[in-house]
Amino acid sequence: MSSQPPIGEIQSAVRNAPGVPVIRSINWGGLRTLYIKEVRRFFKVQLQTIWAPAITTLLFLVIFTVALGSRHAVQVAGIAVPFADFIAPGLIVMGMLQNAFANASFSLLVGKIQGTIVDYLMPPLSTAELLAALVGGAVTRAIFVGCAVGLAMALWPSVHVMPRAPLAILWFGIGGSIFLALLGVLTSIWAEKFDHAAAVTNFVVAPLSLLSGTFYSVDALDPTWRAISHANPFFYIISGFRYGFLGIADSPVMFGALVVLGIDVMLGLTCYTLLKRGWRLKN
């Protein structure tokens, strides 16, 4: 009687020989591993990455409400809204956007500076899987920050942050976070040192977020500055997110949703193309 294994078993063993990757579709294991790595990286220093932004954002609310008084109101679409209720949603999503950018702009950049970028490029991950893990980690941090800021504001006596349109909150909160995460990935691909990433933060992200109608209604601006505000993509994110809590907005919510979607798709394709080519990563 022959002791040799059947030919079918031999062919199967050859097809799955040690050291030969057999990944026929999405590498869920690698994608999950990189995503968990990105989450653990910011969660190990959660006092700095989650709770510190929540406290800083709450201080904005305290300072402005104390300076203007609890009776001050803002006109939005002809409706008077208490100032604290008006700025609270904008501050929540502003904190989410800034931290999504901060997380995504750090990953590849620190790899290039420390010479460990190969850890991102060599594993059997496709370009889409690598991009999805980086963006997913940044969006997760944004959600944690948003929840922390929302919890802090819910405990503040003069603020009412009860959701009225949860779908709008999810769309603009997550869509806006994806936008800034992709912008952060693009920055980390382009930047060669931390000064470059800091320049984008100080001269692009911070001005656009502060001049987006977070602390005022754009209807109160003159036509020129109102047109400039409507050219700011942050304006549509904050206006739509505020609609989720107040039920009113400075701009058409559906138009803003399409703007956010279009920007996410455009930036996603740009980041995918640059990552696939290895621009400034493989040189």
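Structure: above.
Residues numbered from 1 in each chain as written. Predicted model: local features only at pLDDT ≥ 70, side-chain atom pairs only at ≥ 80, totals over all residues. Heavy atoms only, no water.

## Some words on the overall build of the protein
As a reminder, the rule being used: Helix and strand definitions follow DSSP, with helices as H or I runs of at least four residues and strands as E runs of at least two, each counted in order from the N terminus. Three exposure classes are used, based on accessible area relative to the maximum for each residue type with a 1.4 Å probe and protein chains only: buried under 20%, partly exposed in between, and exposed over 50%. Note on definitions: a residue-residue contact is assigned when non-hydrogen atoms from the two residues lie within 4.5 Å. Accessibility throughout is a Shrake-Rupley quantity obtained with a 1.4 Å probe, and a residue counts as covered only by protein chains that appear here. Just so you know, the count uses Lys and Arg for positive and Asp and Glu for negative, and it drops His and the chain ends. Working definition for charges: the position is that of NZ of Lys, CZ of Arg, CG of Asp or CD of Glu.
Along the backbone of the protein there are 11 helices and two strands. Along the chain direction, N to C, the helices and strands of the protein fall in the order α-α-α-β-β-α-α-α-α-α-α-α-α. Dimensions of the protein, computed from the C-alpha atoms along their principal axes, are close to 95 × 40 × 35 Å. By the burial criterion, 46% of the 283 residues in the protein qualify as buried. Put simply, of all contacts in the protein between residues at least 6 apart along the chain, 80% involve residues at least 24 apart. On the protein, roughly 14900 Å² of surface is accessible, and the fraction owed to carbon and sulfur atoms is 68%. For the protein, the separation between the mean place of its 18 positive charges and that of its 11 negative charges on side chains is 6 Å.

## Some words on the packing of helix α7 (residues 166-190) against helix α11 (residues 253-277)
We count it as follows: Axes here refer to lines fitted to C-alpha atoms; in helices the fit is confined to the stretch in contact. Angles between the N-to-C directions go from 0 to 180 degrees. Any angle between 65 and 115 degrees counts as roughly perpendicular, while under 35 counts as roughly parallel, over 145 as roughly antiparallel, and the rest as oblique. Each crossing gets its handedness from the near helix: less than a right angle anticlockwise from the far helix is left-handed, clockwise is right-handed. The classification used treats Ala, Val, Leu, Ile, Met, Phe, Trp, Tyr, Cys and Pro as nonpolar, Asp, Glu, Lys and Arg as charged, and all other residues, Gly among them, as polar.
Where α7 meets α11, the closest approach of the two axes is 9 Å, and the angle between their N-to-C directions is 30 degrees. When the axis of α7 is compared with that of α11, the two are roughly parallel. The chirality of how α7 crosses α11 is left-handed. Of the residues belonging to the contact of α7 with α11, the class tally is 18 nonpolar, five polar and one charged.

## Brief notes about the pattern of salt bridges
Two side chains that carry opposite charge are able to pair once their charged atoms sit near each other. What counts, and what does not: When a carboxyl oxygen of Asp or Glu is within 4 Å of a side-chain nitrogen of Lys or Arg, the pair counts as a salt bridge.
For the structure on display, the rule yields four salt bridges. When the shortest N-O distance is used, the salt bridge between Arg 41 and Glu 38 registers 2.9 Å. Placement of both Arg 41 and Glu 38 in helix α2 (residues 28-43) is noted, with a separation of three residues, approximately one turn of the helix. Arg 41 sits in the partly exposed class, given a relative accessible area of 24%. According to the relative accessible area criterion, Glu 38 is buried, its value standing at 0%. Here Arg 280 ties to Glu 192 by a salt bridge, and the two come within 2.6 Å at their closest N and O atoms. On the criterion of sequence distance, the pair formed by Arg 280 in the segment after α11 and Glu 192 in the loop between α7 and α8 (194-210) is long-range, its members being 88 residues apart. Judged by its relative accessible area of 30%, Arg 280 falls in the partly exposed class.

## Here's the deal with the nonpolar core
Short version of the rule: Among buried residues, those of type Ala, Val, Leu, Ile, Met, Phe, Trp, Tyr and Cys that are joined through side-chain atoms within 4.5 Å constitute a nonpolar core.
By size, the foremost hydrophobic cluster in this structure holds 77 residues, and its most contacted members are Leu 61, Leu 108, Met 153, Leu 180, Val 185 and Phe 241. With 15 residues, helix α4 (residues 83-114) is the single largest residue contributor to this core.

## Let's talk about the packing of aromatic side chains
Rules: Pairing of aromatic rings covers Phe, Tyr and Trp, the last counted by its six-membered ring, and requires centre-to-centre distances within 6.5 Å; plane angles under 30 degrees mean stacked, over 60 mean edge-to-face, and any other angle means tilted. Think of it as a cone above the ring: NZ of Lys or CZ of Arg counts as a charge over the ring if it is within 6 Å of the ring centre and within 35 degrees of the ring normal.
Taken as a whole and assessed by the stated rule, the structure comprises 11 aromatic pairs. Between Phe 64 and Phe 83 the ring centres are 6.4 Å apart and the planes differ by 45 degrees, which places this aromatic pair in the tilted class. Taken together, the positions of Phe 64 in helix α3 (residues 46-68) and Phe 83 in helix α4 put the pair 19 residues apart, joining distant regions of the chain. One aromatic cluster is present, built from ring pairs that chain together Phe 60, Phe 64, Phe 83 and Phe 215. Taking the ring centre of Phe 86 as reference, the NZ or CZ of Arg 242 above it sits at 3.8 Å.

## Overview of the pairing of strand β2 (residues 79-82)
For clarity, the cut-off: Any two strands with at least two DSSP bridges between them are considered paired.
Pairing analysis gives four bridges linking strand β1 (residues 73-76) to β2, with the strands arranged antiparallel. The residue of β2 that forms the bridge with Val 74 is Val 81. Between β1 and β2, which pair antiparallel and follow one another directly, the connecting turn spans two residues, one of which, Ala 77, has a positive phi of 55 degrees.

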